[in-house]
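These are the residues of each chain, in order.
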Amino acid sequence: MTWRPTIAALAGLCLAVSATPLPAGAAVAAAHVSAHAALAGPPGAPPGACPTGGSYGSPLPASTVTAPRIQGGFTFLEGPVWVADGGYLLFSDMTAGTGPYNVQPSTIRRFTAPATFDTFITNAGSNGLALSADAQQLVAATHDQRSVSSYRLSDRARSTVAPNYQGRAFNSPNDVAVRSDGVVYFTDPNFQRGNRPDQMSGRTSVFRVSNGQVSLVDDRLRQPNGISLSTDGTALYVGAYSENKIYKYAVQPDGSIGARSVFVNYIGGPDGGTIDCAGNVYWTSGGDSLVHVYSPAGTELGTIRSGNSGTTNVAFGGPDRQTLFVTSGRWGDSGLYSVRLNVPGYPY
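Caption draft 1: Spotlight on the overall build of the chain. Scanning the chain for helices and strands turns up two helices and 25 strands. For the chain, with 348 residues in total, the buried portion stands at 58%. Counting contacts in the chain only where the partners sit at least 6 residues apart, residues at least 24 apart contribute 52% of the total. Accessible area for the chain stands at about 12,800 Å²; split by element, carbon and sulfur atoms hold 51% of it.

Caption draft 2: Geometry of the pairing of strand S3 (residues 77-83). Judged by how many residues are buried, S3 sits mostly within the fold: seven of seven residues are covered. The loop that links S3 with its antiparallel partner strand S4 (residues 88-94) comprises four residues; one of these, Gly 86, has a positive phi angle of about 130°.

Caption draft 3: Looking closely at the sheet that holds S3. One open sheet holds the four strands; their spatial order is S3-S4-S5-S6, and the pairing between them is antiparallel. Two strands close off the open sheet at either side, each with one partner strand: S3 and strand S6 (116-121). Taken over all neighbouring pairs, the strand axes of this sheet differ in orientation by 30° on average, direction set aside. With six bridges connecting them, S4 and strand S5 (residues 106-112) associate as antiparallel partners.

Caption draft 4: Main features of the sheet that holds strand S14 (residues 213-218). Strands sit in the order S11-S12-S13-S14 across an open sheet of four strands; the sheet is antiparallel. On the outer flanks of this sheet lie strand S11 (176-178) and S14, each paired with one strand and no other. Shown here is a sheet whose adjacent strand axes are inclined to one another by a mean of 20°, direction ignored. Examined bridge by bridge, strand S13 (residues 205-210) and S14 share five bridges and lie antiparallel to one another. Its bridge partner lying in S14, Val 209 is registered against Val 214.

Caption draft 5: Seen up close, the packing of aromatic side chains. Enumeration over the complete set of coordinates arrives at 18 aromatic pairs. On the numbers, 5.5 Å between centres and 25° between planes, the contact of Phe 186 with Phe 207 is stacked. One end of the pair, Phe 186, is in strand S12 (residues 184-188); the other, Phe 207, is in strand S13, with 21 residues separating them in the sequence. Just as Phe 186 is buried, Phe 207 falls in that class too. A connected cluster of aromatic rings, assembled from ring pairs, spans Phe 74, Trp 82, Phe 91, Phe 111, Phe 117 and Phe 325. In this structure, Arg 110 packs its charged tip against the face of Tyr 88, placed 5.2 Å from the ring centre. When the ring centre of Tyr 247 is taken as reference, the NZ or CZ atom of Arg 260 above it lies at 4.1 Å.

Caption draft 6: Fine view of the side chain of Ser 172. Of note, Ser 172 is situated in the loop between strand S10 (158-162) and S11. We classify Ser 172 as buried; its relative accessible area is 0%. Of the polar contacts made by the side chain of Ser 172, one reaches the backbone nitrogen of Phe 191; its length is 3.4 Å. Sequence-distant contacts of Ser 172, defined by excluding residues within four places in its chain, comprise His 143, Asp 188, Pro 189, Asn 190, Phe 191, Gln 192 and Arg 193.

Caption draft 7: The nonpolar core, seen in detail. Residues Leu 90, Ile 108 and Leu 138 are the most contacted members of the largest nonpolar core, which totals 61 residues. No other element matches strand S16 (residues 235-240), which puts five residues into this core. If you look at the next biggest cluster of nonpolar residues, it comprises 14 residues, including Ala 67, Val 293, Val 314 and Val 326.

Caption draft 8: Looking closely at the state of the cysteines. Across all of its chains, the model carries one disulfide by this definition. Note that Cys 50 is cross-linked by a disulfide to Cys 277, the S-S spacing being 2.1 Å. Across the S-S bond linking Cys 50 and Cys 277, the dihedral sits near -90°, which makes this disulfide left-handed. Linking Cys 50 in the loop between helix H2 (35-39) and strand S1 (64-66) with Cys 277 in the loop between strand S19 (270-275) and strand S20 (281-285), this pair joins segments that are 227 residues apart in sequence. Each member of the pair, Cys 50 as well as Cys 277, carries the same accessibility label: buried.

Caption draft 9: Highlighting the pattern of salt bridges. Here the structure, examined in full by the defined rule, presents eleven salt bridges. The residue Asp 144 makes a salt bridge to Arg 158 at a minimum N-O spacing of 2.9 Å. Of this pair, Asp 144 sits in the loop between strand S8 (137-142) and strand S9 (147-152) while Arg 158 sits in strand S10; the two residues are 14 residues apart in sequence, bridging distant segments of the chain. Residue Asp 144 is classed as partly exposed on the basis of its relative accessible area, which comes to 27%. Judged by relative accessible area, Arg 158 falls into the buried class, the value being 19%. In this structure, Arg 152 and Asp 155 form a salt bridge, with 2.6 Å as the shortest nitrogen-oxygen distance. A residue is classified by how much of its surface remains accessible, and Arg 152, at 30% relative accessible area, is partly exposed. Among the charged side chains, a network of salt bridges with common partners joins Asp 218, Arg 220 and Arg 260.

Thresholds, definitions, all that
- Residues numbered from 1 in each chain as written.
- Predicted model: local features only at pLDDT ≥ 70, side-chain atom pairs only at ≥ 80, totals over all residues.
- Heavy atoms only, no water.
- Helix = DSSP H or I, 4+ residues; strand = E, 2+ residues; numbered from the N terminus.
- Buried < 20%, exposed > 50% of the residue type's maximum accessible area, 1.4 Å probe, protein only.
- Contact = heavy atoms within 4.5 Å.
- Areas by Shrake-Rupley, 256 points an atom, 1.4 Å probe, with all protein chains shown as cover.
- Pairing = 2+ DSSP bridges.
- Axes fitted to C-alpha atoms, helices over the stretch in contact; angles between N-to-C directions.
- Phe/Tyr/Trp six-rings, centres within 6.5 Å; stacked < 30°, edge-to-face > 60°.
- Lys NZ or Arg CZ within 6 Å of the ring centre and 35° of its normal.
- Polar contact = N/O pair within 3.5 Å; in protein donor to acceptor, adjacent residues only side chain to side chain.
- Core = buried A, V, L, I, M, F, W, Y, C linked by side-chain atoms within 4.5 Å.
- Disulfide = S-S within 2.5 Å.
- Salt bridge = Lys/Arg side-chain N within 4 Å of Asp/Glu carboxyl O.

Right under this line is the structure:
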């Protein structure tokens with residue numbers, strides 16, 4: 001059953017984030033979310049991401065599509081997110097590990113069409129990116145502090161969304177998804193943990209942050225990587241990189257997680273993903289450098305190629321959110337690609 005929040009509940013919805021690092025259990029991103037804004041999209045999709053009453057055909061113009069490169073020469077790109085208020089794309093650019101713990105520095109860069117690139121946040125420590133429910137803050141999986149953080153778009157001030165789990169440091173948060181009521185889901189593999197001690201007893205997991213509380217979703221996955229919510233808010237998709245599987249979890253109205261099933265058996269190591277307004281699932285693969293596109297039932301509809309190696313993540317953007325942005329490429333020459341598709345989708 002699709003959940004529709006009541007006007008009364010929406011009118012009272014208010015989520016806050018401190019402008020300084022918060023203690024464990026502190027509240028997560030977003031300012032007041034109006035009833036009108038929240039009703040513009042279901043509890044999965046961000047407000048305004050999907051037109052109401054939309055009817056869609058095939059998402060791809062052909063079964064095999066190529067996304068042209070906009071610009072290359074970056075070190076290692078990840079986590080694209082479209083910011084509609086401003087009309088630009090943000091993404092993480094990670095470099096080689098440094099220091100005694102071999103932690104990878106990361107810069108958040110900005111792309112403004114048609115060809116302007118600049119630095120948005122230095123020393124961000126980020127991988128996957130998303131937007132807060134009110135689209136005023138950037139929610140980031142930040143491996144530098146082994147946390148989930150938020151950056152206020154107006155002044156880049158950093159806050160802490162999830163500092164730890166029951167007092168234990170995460171491995172290296174990798175990717176995030178934010179529900180339109182502010183609930184945050186994130187993956188925690190150990191890819192960017194470096195030489196820092198393991199406080200998760202060898203487990204790599206998926207977590208949820210709701211009303212300031214961090215809770216465990218699943219600690220049985222081997223290297224969970226990309227994470228995405230369905231547009232109707234009823235399903236959470238997680239790519240288990242070391243299992244070559246994409247898992248699907250039932251999501252309850254309060255944001256808690258129900259049964260898990262295998263959505264697709266994958267080839268090539270699933271990395272980041274996104275979802276369009278028809279519920280089609282887009283998932284990147286570093287192994288074959290493709291974006292694989294699946295129907296809501298798990299049938300493969302086609303592929304999108306961008307570069308020849310290391311495809312890492314995707315996000316919809318552009319004025320009508322029908323442009324798919326792809327981060328892809330070999331280490332030291334990672335690039336940003338884009339292609340116009342038939343269906344709008346998630347901005348991250």
